[in-house]
Structure formats: C-alpha cells, structure tokens
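Chains, contacts and geometry: an overview
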Amino acid sequence: MNLMPKPYHYLQWLGATLAAVLTTIGLAMTSARATTAGMVFLMVVVVTATQAGLVISLYSALLCAVSFDYFFLPPIHTFTLAGPQEWLSMLTFAVCSLVAGRVAERARKQKHQAEQRREDVERLYVLSQEMMLHEDSARLIRALPALVARIFSLESVVLYVQDRDQYVSTAEELAELFKANLREVTSGAHATIAQQDGFDAHALTVGMRAVGAMAWRPANLSREVATAVSGQVGIALTRAMAIEASARMEASRESDRLRAALIDSLTHELRTPLTSIRAAATTLTQDQGLDDALRRELATVVDEESAHLDALIGEAVQMAELDAKVLKVQAAPRHTRTLLEHAADESRNLLGRRQITLMVQEPDRPAWFDATLLSRVFRHLIENAALYSPPESRIVLRSRRIEGRLEFEVEDNGPGIDKADLPHIFEKFYRGKKGAKLGKGTGMGLAIARAILLAHGGGISVESNPEHGSTFRFWVPLVEKQTGETL
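Residues numbered from 1 in each chain as written. Predicted model: local features only at pLDDT ≥ 70, side-chain atom pairs only at ≥ 80, totals over all residues. Heavy atoms only, no water.

Spatially, five strands are ordered β7-β9-β10-β12-β11 in an open sheet, and the strand pairing comes out mixed. The two strands at the open ends of the sheet, each matched to only one other strand, are β7 (355-360) and β11 (459-465). Direction aside, neighbouring strands of the sheet carry axes that sit 15° apart on average. Looking at chain direction, strand β9 (residues 394-402) and strand β10 (residues 405-411) are connected through seven bridges and run antiparallel. From the neighbouring strand, V396 faces β10, where its bridge partner is E411. Across the sheet, helix α9 (residues 336-346) touches β7, β9 and β10, and the angle it forms with β7 is around 170°. (Pairing = 2+ DSSP bridges. Helix = DSSP H or I, 4+ residues; strand = E, 2+ residues; numbered from the N terminus. Axes fitted to C-alpha atoms, helices over the stretch in contact; angles between N-to-C directions. Contact = heavy atoms within 4.5 Å.)

Moving on, we come to helix α6 (residues 176-187). Two residues of an α-helix separated by three or four positions point the same way, owing to the 3.6 residues in each turn. The first and last C-alpha atoms of α6 sit 16 Å apart over 12 residues, in line with the 16 Å expected at 1.5 Å per residue. Residues F178, K179, N181, L182, V185 and T186 constitute the buried set of α6. In a view along the axis of α6, the buried residues occupy a sector of 160°, so they form one face of it. Residues of α6 that are exposed and angled more than 90 degrees away from the buried face: E176, L177 and S187. (Expected span 1.5 Å × (residues − 1). Buried < 20%, exposed > 50% of the residue type's maximum accessible area, 1.4 Å probe, protein only. Arc of directions from axis to C-beta.)

Two strands pair when backbone bridges link them, and strand β4 (residues 199-206) and strand β5 (residues 209-217) are joined in this way by seven bridges, in the antiparallel orientation. Across the sheet, residue T205 finds its bridge partner in β5, namely A210. A loop of two residues connects β4 with β5, the two strands running antiparallel in sequence, and G207 in this loop sits at a positive phi of about 70°.

What follows covers the confidence of the model for the protein chain. Summarising the model, the protein chain shows a mean pLDDT of 78, and 83% of its residues fall at 70 or more. Averaged over each element, pLDDT in the protein chain is lowest for strand β3 (residues 192-196) (50) and highest for β10 (93). Across residues 1-5 the pLDDT falls below 50, and counting only partners more than four positions away or on other chains, this stretch makes one contact in the model. Here residues 483-487 is a poorly scored stretch, pLDDT under 50, and it has six contacts once near neighbours within four places are set aside; other chains count. (pLDDT = per-residue confidence, 0-100.)

Another aspect to go through is helix α13 (residues 445-455). Taken together, the buried positions of α13 are occupied by G445, L446, A447, I448, A449, I452 and L453. Note on α13: the residue one or two positions beyond its end, G457, has a positive phi of about 80°.

Within the secondary structure, S470 sits in strand β12 (residues 469-477). Among the polar contacts listed, one links the side chain of S470 to the side chain of S464, at a separation of 3.1 Å. Setting aside residues no more than four positions away along its own chain, S470 makes contact with V410, E411, D412, G416, I417, E463 and S464. (Polar contact = N/O pair within 3.5 Å; in protein donor to acceptor, adjacent residues only side chain to side chain.)

For the rest of this paragraph, the subject is the packing of helix α11 (residues 371-388) against α13. The N-to-C vectors of α11 and α13 enclose an angle of 155°; their axes lie 9 Å apart at closest approach. In this view, α11 runs roughly antiparallel relative to α13, as classed from their interaxial angle. Judged by the twist between their axes, the crossing of α11 over α13 is left-handed. Residues L373, L374, R376, V377, H380, L381 and N384 of α11 touch α13, and the partners they reach there are G445, L446, I448, A449, I452 and L453. Across the contact of α11 with α13, the residue classes tally to nine nonpolar, three polar and one charged. (Parallel < 35°, antiparallel > 145°, perpendicular 65-115°, else oblique. Left-handed = near helix turned anticlockwise from the far one by under 90°. Nonpolar A, V, L, I, M, F, W, Y, C, P; charged D, E, K, R; others polar.)

So, on to the nonpolar core. Judged by nonpolar contacts, the single largest core of 36 residues is most densely connected at L374, F378, L381, L397, F408 and F474. The contacts of F474, once residues within four sequence positions are left out, are L374, V377, F378, L381, L406, E407, F408, L453, G459 and I460. Counting residues in hydrophobic clusters, the runner-up holds 29 residues, among them L140, L221, V233 and A236. (Core = buried A, V, L, I, M, F, W, Y, C linked by side-chain atoms within 4.5 Å.)

Glancing now at the packing of helix α2 (residues 34-52) against helix α3 (residues 54-72). Between α2 and α3, the shortest axis-to-axis distance is 8 Å and the interhelical angle comes to 165°. Between α2 and α3, the crossing angle belongs to the class labelled roughly antiparallel. Judged by the twist between their axes, the crossing of α2 over α3 is right-handed. Residues A34, A37, G38, F41, V44, V45, T48, A49 and A52 of α2 touch α3, and the partners they reach there are I56, S57, S60, A61, C64, S67, F68 and F72. Taken together, the residues of the contact of α2 with α3 sort by class into 12 nonpolar, five polar and no charged.

In this section: the pattern of salt bridges. Counting across every chain of the model gives 17 salt bridges. Close ionic contact of R473 with E407 constitutes a salt bridge, the shortest N to O distance being 3.7 Å. One end of the pair, R473, is in strand β12; the other, E407, is in strand β10, and 66 residues separate them in sequence. Assessed through its relative accessible area of 18%, R473 is described here as buried. Between E463 and R473 there is a salt bridge, with its nearest N and O atoms 3.2 Å apart. Remark: R473 occurs in strand β12 and E463 occurs in strand β11; sequence separation between them is 10 residues. (Salt bridge = Lys/Arg side-chain N within 4 Å of Asp/Glu carboxyl O.)

A word on the environment of A240. Tracing the backbone through its elements, the reader meets A240 in helix α7 (residues 223-284). Each C-alpha atom of the pair A240 and D136 lies 6.0 Å from the other, and the pair is 104 residues apart in sequence. Setting aside anything within four residues of it in sequence, one finds A240 in contact with H134, E135, S137 and L140.

Okay, the packing of aromatic side chains next. According to the stated counting rule, one finds eight aromatic pairs in the structure shown. Measuring from ring centre to ring centre gives 6.1 Å for F41 and F72, while their planes differ by 65°; the resulting arrangement is edge-to-face. Of this pair, F41 sits in helix α2 while F72 is found in helix α3, placing the two residues 31 residues apart along the sequence. For F72, a relative accessible area of 8% gives the class buried. Three or more aromatic residues joined by ring pairs make a cluster, and in this case those are F41, F71 and F72. (Phe/Tyr/Trp six-rings, centres within 6.5 Å; stacked < 30°, edge-to-face > 60°.)

See the structure below:
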C-alpha cells in the first residue's frame, strides 16, 4: 500500500491551519466571549471532519483548543487555566470536538460509500446494456475484455471461455501458468486465486454450470462488484451461445425443410413431363390406328416435354451452383443495348405473339458486367412475363444509369402479383397463388435471378399493379472503366 501523502492532502492540512488561525483572529477582533468562541471553534472542527477526515479534524481540534485556551479562557494570553470552571470548559470542548469529529467522519464515509455504490450500479447497468447488443458469441467474447476494462477503468482484463478453451486479453501475451490458474478457477478448484502480477480472478458461473473465468488488474473492485460483474458476464456468454446454438438448429431445420421441398418439387415437376413423354412414346410404338397427323402431334409432345424437362434440370443445376457459391462473376465491357437485344432474341420462342420493346438510355457507353449472368436473369424474367401476360401484350425491357448503378427493368401487362405474395416472391419454390393455380413455373426462376444478382453485387425488386401488370427492377454496380483497363 502506498502511504506517501498525495498533493491534495497538503492542501487539506494547510486549509485546516488557516481555518483555525482566521477563526481565532475574527473572534479576537470581535471580542467574543468564551462560550461563543467555543461554539465557533467546535463548528470549525465539524466542518473540517466532513471535508478532510478524522486525522485532520483532530489536528484542527488541537489548534482550536490551543487558541481557545490562550485567547478566551482566563487567564487570557496564557496556557494555564484559572479554575475548575475553565478546566470544565476545556474538557467539554475537547470531548465535543472528538465526538463531533467522529460523527462527521462516519457521515462522510457513508456518503462516499453511497456515491461509490451508485457509480457501481450505473457501471453494471452500462455493462449489461452493451453486452445485450451482442448476440453473436464470437464477437461478444472478443469485445468483453475491452468493454469491462473501459467501463470499470481497469488496466488489463483477461477472459477464459471453457466451452471453446479460448483466451481473450487486453494485456500482453499470457503466461502458461496464468492460463492454468484460470482453468483451475473455472473448474472450481478455487473460487478465486491469489493475485498474480496484480490480477484478481473470479469464476464465471450460471447456476451450477461453469462458463469460464475472468481476471483483471488492478484488483480494486469490491467483492460485491466483482461478483456482480462475473455473474453478468457469465449470463451474457450463456445467452449469446444459446442464441447461436438455437440459430444453428433453426438453420438445420430450415435446410431440411428446403431439401424436402426441393425433392417434392422436383419429383412433381419431373414426373409431369416424363409421364407425357412416356405416354406419347408408348402410343407411337403402336402402329395400328395412327395416321401421320397424330404421329406428328405425339412427336411434338415428346419434343416440348423434353425441352421442359431439360429446363427443369438446368434450373436445378443453377440453383445447386448458387447454393454452393461456386458461381464466379466474369465482368467485361459491354453495351446494355447489346445485352437487351440478345435477351430478346433468346426468348423469341417463348413470346408467341407478344411484342418486346427495348428502351435504352443514351449515351450507351460500355459498362463492366457479366453478360452471361445477366442474360440468365433476363431469360427468367421474360419467361415469367410470358407465362402470365396476355398473348398479344407488350413486354418492355429498359436500361439506364442512376446513382452509380446500372439498372434494368422488365415490364409486362399481366394480371399482377397479389400483395400477399410480394414479400415471398423471390423465395425458393414459391410460386404464388396464380402460379400454383395455373400449375405454371417451378418456383426457382426468381430465386435464381436474385442469387445471380447478389453474386454480382446488385439486387432486385418488384412493383405490381393489378391494372397495369408487374415491373421487375434489378441493378448491378455501375463500372464504366475497370482499373488498369481502357475502354
């Protein structure tokens, strides 16, 4: 313990001396009586005790007693007392000074303790609030030592998490002996360990379960505060790890649900064209009663359903590639008009009598994007528009540059999308009420389009009006000149 007096202690001693001297001068100048002087000196001692503590108040009481005897008790200007009355006055003053000093010192300590408890409660509240902001256990573990050190003004804090056998510290490299001590604290070998290098360590427990241990330096936290900090940290760690485990379980259940949905959807969608192909092929193998027109019709069924089957398998492969995150964006300088024209040409066989209108913002300067990936997006959106729009309606393809984005639109005049379906329209296997009723689509096209755009650093949205159809709007970052390249 450091017993050297601090600078402000010298000021307290000086202040007590000046208070006694100035009080004596003031009383002498006013020719105060002994009774008045005794009361005033007693007040000085009480004030000194409340501000500076017991030791300095005793020093002040001594100065005041000497002044009281020399200047106000007869015979005046001597340190002798005239008789029993003067001795009684001096003794009364001394006893009252001691009692008042002790009472004032006790009140001062109680006030200090109350303020300290209030500060501790405020710090514990701040700690609990900031820990609640972290639901990711890994980030919480990394942040906890610095958080506790900042809130409680500690030099170093070390955290040990038992489940992960992980140490996180704001200090330098930890010695193996220190790590072993923390593991002992966690295992319950000791509730706390003897201070090592100025550290004080406590176990983190929730109920009967040990979570880890925490140590800090300097060891200046009270036992109550240390227990509260350890309890809060243990609860926060348990909560974060429980949330993480729950999220993993939910993700596992969701993965199982999606896998089952994928199998059910693919089974149903693949069985439909296969059934048609098999029925047509079986009929074609029968020579009796088949004229040329019927043969051509059955051959057309086989061709169309084979194409449908090929498209289904292609979408399933695309979805698997996107889920595995093996898709790579290969950007190159392209004109948006060329992309729109290519998308329109690719979709001619899907459009029937529908007309495609291209609207390209000028000037159409080259921009960097993956034309192959964006062509897939256009193909899915145009196919979607063709499925649900009237036979002789118009489909509009637009491109423009806006706020650092290269934006595209596919607009149709179909029946629109129900408001209840809009929040889910880009989810896997979701076909909406109209799609499910008509039996059209697999529910993978829009999910594939969104995944492609996310891989490209972009996004997609939809606006729908029952009277004016739907507009799918998607975008990618606008890059007109790649670093180190000349367009």
